[in-house]
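Given next are the chains, with one letter for each unit.
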Amino acid sequence: MKREFLTTWFERRESLCVVDAPLADEPYVLANLHERVSDGALRYWSPGCRDWLSVERHDGEVQRLVRADGDGSTLAIETCARVLDSILDLAISRVADVFVVRGLFAAGLTPQLEYQLERLHWALRGTESRAIFLDERPELPISLHPLLPQFPYPLPSRSEVSDRVTAFLAQADGNNPVTSDWQRPVVQACVGLPRAEIDIVLERYRNSEANPEQLARKILDYKQDKLSGRGITILPEPDVPVAAGMDRLDRTLERIGLLMTPEAERRKLKPPKAVLLWGIPGTGKSLAAKLAARRIGGTLVASDWNGLMGKNVRESLMNLDYLLDFLKRIGTSVLLFDEFEKAFLGWDESGHLGKLAARLLSWMNDHEEPCVMFATINHLQLLPPEMIRRFEIVHFFGMPHNGALQKIFAVHLDQYFDYEFSLDEWHYLLREYRGCTPAEVMKAVKRTANRRFFRDMQDGRAIDDRKPTLTLAELIEERKTFVPDASKRDVSDMLAGILNRADYAEPVQGEDTSIYAEPPHQLLGIDEANLRKSVDELQRSPEPQPLITRPRPAIEDI
């Protein structure tokens, strides 16, 4: 496959360049170079070599072979400084050799190497010899930028990945046609990997998995292990189909999905770059990000801020740049930062965290990739103001009202039980579980299902595919076994703080208009609903209402 940057570099006839290429893709870079080197030789060196290797094609494959000088001796190149001197020596006697050096920038450039690179640039100008330096995410000093143009060797696009996966599946199972349903999970799993790495993992699991979904799962596990060292996690699909009871949030996700379509692009409309989800733990914030990824058909990438932190600022920035570059390559995606405010505990604008935050702020403001960042927080006041204003949409997650709570119960009960509750039974159940978060409802239903299973196994009952019938008493019994988090002092204070600043964000649920809504309360015998209705009618009246005065009662009437 042709790489545009190589064509550009050869046409400009520059002497040096740096190529940002993954180690696994090095054979592809060498193969691309081998096609262009016709007059001279293509030589290769890395810190693992003691001499220049000759890059030649044998049996259709590009290989690196040991090549000695004419007298049979070797150059014994053991250091990066020596390899630069060697290029100068060889360039004098050779006409059009191309030298490929791997690993020069890995340990950081010393002042001596910087001066040697500058001397090499001027020495090779006007000659046919060239030098290419391969490294993964090399960091160049500012002084060398004009002398060493830097080119990225990009990861394969989704269409390229699809072609490679289709060819592999067709070869692995030649009797069955490769359909889009077969290749889709494997393609999704391979997106974001270098070309050679895709070939390696596909070949590794060729004989172990015939089912594409199982193959995709193994590739995702491999990818997960690889990315976790850089603070990146590929999250699985959500275990529930909808965000039950969150109608306003669902409308937001629908709009984001529509803004990712080609029709929106034709009208020059773009999706929001960042969404902030604010609420107490257990209210469904992380679930909202998972559902957003499903709604827009993208990959859900979670990042741990502490995982991005390296030993020093340089390593931390490299990890963040790797994450942002990964998002650029995989196409449509959702980036999730969970408990985002913890990243800014004790932050200092001029320190380690400040530099990372500045880089992320710049990306949030300027990036053009089809990626929406979701951040969940519990404490809004811990975020710096300049970070808060980057979020175009802010939702707060309060405690679910009766209508939302009933939908949450229904979503989880449908997974385990057959049930049929009357309206009065629903009201009783919702009253008992008032103040519980969606996560607590999910755990209560799951524990009830576990308890029923254990009881049936102990009683020797047959276990089949039919769902057991649930009684209301079992859920009420489960409710007595735990205390809701909202009743705890620290959580209730957190919820009160959110409600006090609720004007800042849009709630995820609208007004409860369901049949499970609580009737209006009466305070001291006053019907609040009718009183509110009368006040509204009075305010809408175009004519001022006359002031009605009542005669003061006589003393004898008191």
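Residues numbered from 1 in each chain as written. Predicted model: local features only at pLDDT ≥ 70, side-chain atom pairs only at ≥ 80, totals over all residues. Heavy atoms only, no water.

> Explanation requested: the overall build of the protein in the structure shown.
Helix and strand counts for the protein stand at 21 helices and 16 strands. Of the contacts made within the protein by residues no fewer than 6 positions apart, 79% connect residues no fewer than 24 positions apart. (Helix = DSSP H or I, 4+ residues; strand = E, 2+ residues; numbered from the N terminus. Contact = heavy atoms within 4.5 Å.)

> Help me understand the pattern of salt bridges in this model?
One side chain can pair with another of opposite charge once the charged atoms of both are near each other. Inspection of every chain in the model, using the stated rule, returns 16 salt bridges. Notably, a salt bridge pairs Asp25 with Arg195, separated by 3.5 Å at the nearest N-O pair. Here Asp25 is found in the loop between strand 1 (16-20) and helix 2 (26-36), whereas its partner Arg195 is found in helix 7 (residues 195-204), with 170 residues between them in sequence. For Asp25, a relative accessible area of 0% translates into the label buried. The exposure class assigned to Arg195 is buried, which follows from its relative accessible area of 1%. As a salt-bridge pair, Glu160 and Arg195 come within 3.6 Å of each other at their nearest N and O atoms. Within this pair, whereas Glu160 is found in helix 5 (residues 158-172), its partner Arg195 is found in helix 7, the two being separated by 35 residues in sequence. The structure contains a network of salt bridges with shared partners spanning Asp25, Glu160 and Arg195. (Salt bridge = Lys/Arg side-chain N within 4 Å of Asp/Glu carboxyl O. Buried < 20%, exposed > 50% of the residue type's maximum accessible area, 1.4 Å probe, protein only.)

> Looking at this structure, how should I read the environment of Pro507?
One can find Pro507 in strand 14 (residues 506-507). For the pair formed by Pro507 and Phe396, sequence separation is 111 residues and the distance between their alpha carbons is 5.0 Å. Every residue in contact with Pro507, bar those within four places of it in the chain, is listed here: Arg248, His395 and Phe396.

> Sorry if this is basic, but what is going on with a nonpolar patch on the surface here?
Taken together, Phe453, Phe454, Met457 and Ile463 make up a surface patch of nonpolar side chains, about 410 Å² in accessible area. Along the chain, the position of Ile463 falls in the loop between helix 18 (438-458) and helix 19 (472-479). Relative accessible area serves as the criterion here: at 47%, Ile463 is assigned to the partly exposed category. (Patch = residues over 30% accessible without salt bridge, like charges linked within 9 Å, V, L, I, M, F, W, Y side chains within 5 Å. Areas by Shrake-Rupley, 256 points an atom, 1.4 Å probe, with all protein chains shown as cover.)

> I tried to follow the packing of helix 18 against helix 19 on my own but got confused; where do I start?
For any two helices packed against each other, the geometry is given by the interaxial angle and the distance between the axes. Running from N to C, helix 18 and helix 19 cross one another at 115 degrees; their axes reach a closest spacing of 10 Å. Crossing of helix 18 over helix 19 shows right-handed handedness. Between helix 18 and helix 19, the contacting residues are Ala444, Arg447, Thr448, Arg451, Arg452 and Arg455 on the first element and Glu474, Leu475 and Glu478 on the second. Classifying every residue of the contact of helix 18 with helix 19 by side-chain character gives two nonpolar, one polar and six charged. (Axes fitted to C-alpha atoms, helices over the stretch in contact; angles between N-to-C directions. Left-handed = near helix turned anticlockwise from the far one by under 90°. Nonpolar A, V, L, I, M, F, W, Y, C, P; charged D, E, K, R; others polar.)

> Please explain helix 4 (residues 111-124) as it appears in this structure.
Residues lying three or four places apart along an α-helix face the same way, a consequence of the helix completing one turn every 3.6 residues. Relative to the 20 Å expected for 14 residues at 1.5 Å per residue, helix 4 spans 20 Å between its end C-alpha atoms, a close match to the ideal helical length. Those residues of helix 4 not exposed but buried are Leu113, Gln116, Leu117, Leu120, His121 and Leu124. In a view along the axis of helix 4, the buried residues occupy a sector of 140 degrees, so they form one face of it. Facing away from the buried side of helix 4 by more than 90 degrees, the exposed set consists of Pro111, Tyr115 and Trp122. Phi turns positive, to about 85 degrees, at Gly126, one or two residues after helix 4. (Expected span 1.5 Å × (residues − 1). Arc of directions from axis to C-beta.)

> Explain the nonpolar core here, please?
Side chains that are nonpolar tend, in soluble globular proteins, to be buried together. One finds Ile219, Phe337, Phe340, Met373 and Phe391 to be the most contacted residues of the largest nonpolar core, which totals 57 residues. Setting aside anything within four residues of it in sequence, one finds Ile219 in contact with Val186, Ala189, Cys190, Leu193, Val201, Leu202 and Tyr205. Residues Trp9, Phe10, Val29 and Val37 belong to the second largest nonpolar core, which totals 47 residues. (Core = buried A, V, L, I, M, F, W, Y, C linked by side-chain atoms within 4.5 Å.)

> Explanation requested: the sheet that holds strand 14 in the structure shown.
Sheet strands pair via backbone hydrogen bonds, and the direction of the pair is either parallel or antiparallel. Read across the open sheet, the seven strands follow the order 8-10-11-12-9-13-14; overall the sheet is mixed. A single partner strand is all that each edge strand has here, and the edge strands are strand 8 (232-234) and strand 14. Across five bridges, the pairing between strand 9 (residues 274-279) and strand 13 (residues 393-397) is parallel. Residue pairing across strands places Val275 opposite Ile393, the latter belonging to strand 13. Each of strand 8, strand 10 (299-303), strand 11 (333-337) and strand 12 (371-377) is contacted by helix 13 (residues 313-330), which is oriented at about 175 degrees to strand 10, the strand it contacts most. (Pairing = 2+ DSSP bridges.)

> What's the story with the packing of helix 9 (residues 247-259) against helix 11 (residues 285-296) in this structure? I'm lost.
Taken N-terminus to C-terminus, the directions of helix 9 and helix 11 make an angle of 35 degrees; their axes are 9 Å apart at the nearest point. Where helix 9 crosses over helix 11, the handedness of that crossing is right-handed. Contacts between helix 9 and helix 11 involve Leu249, Asp250, Leu253, Glu254, Ile256 and Gly257 from the first element and Ala288, Leu291, Ala292, Arg295 and Ile296 from the second. Per-class residue counts for the contact of helix 9 with helix 11 are seven nonpolar, one polar and three charged.

> I would appreciate a short explanation of the side chain of Ser54 in the present structure.
Along the chain, Ser54 turns up in strand 3 (residues 53-58). With a relative accessible area of 3%, Ser54 lands in the buried category. A distance of 2.8 Å separates polar atoms of two side chains, one belonging to Ser54 and the other to Glu56. (Polar contact = N/O pair within 3.5 Å; in protein donor to acceptor, adjacent residues only side chain to side chain.)

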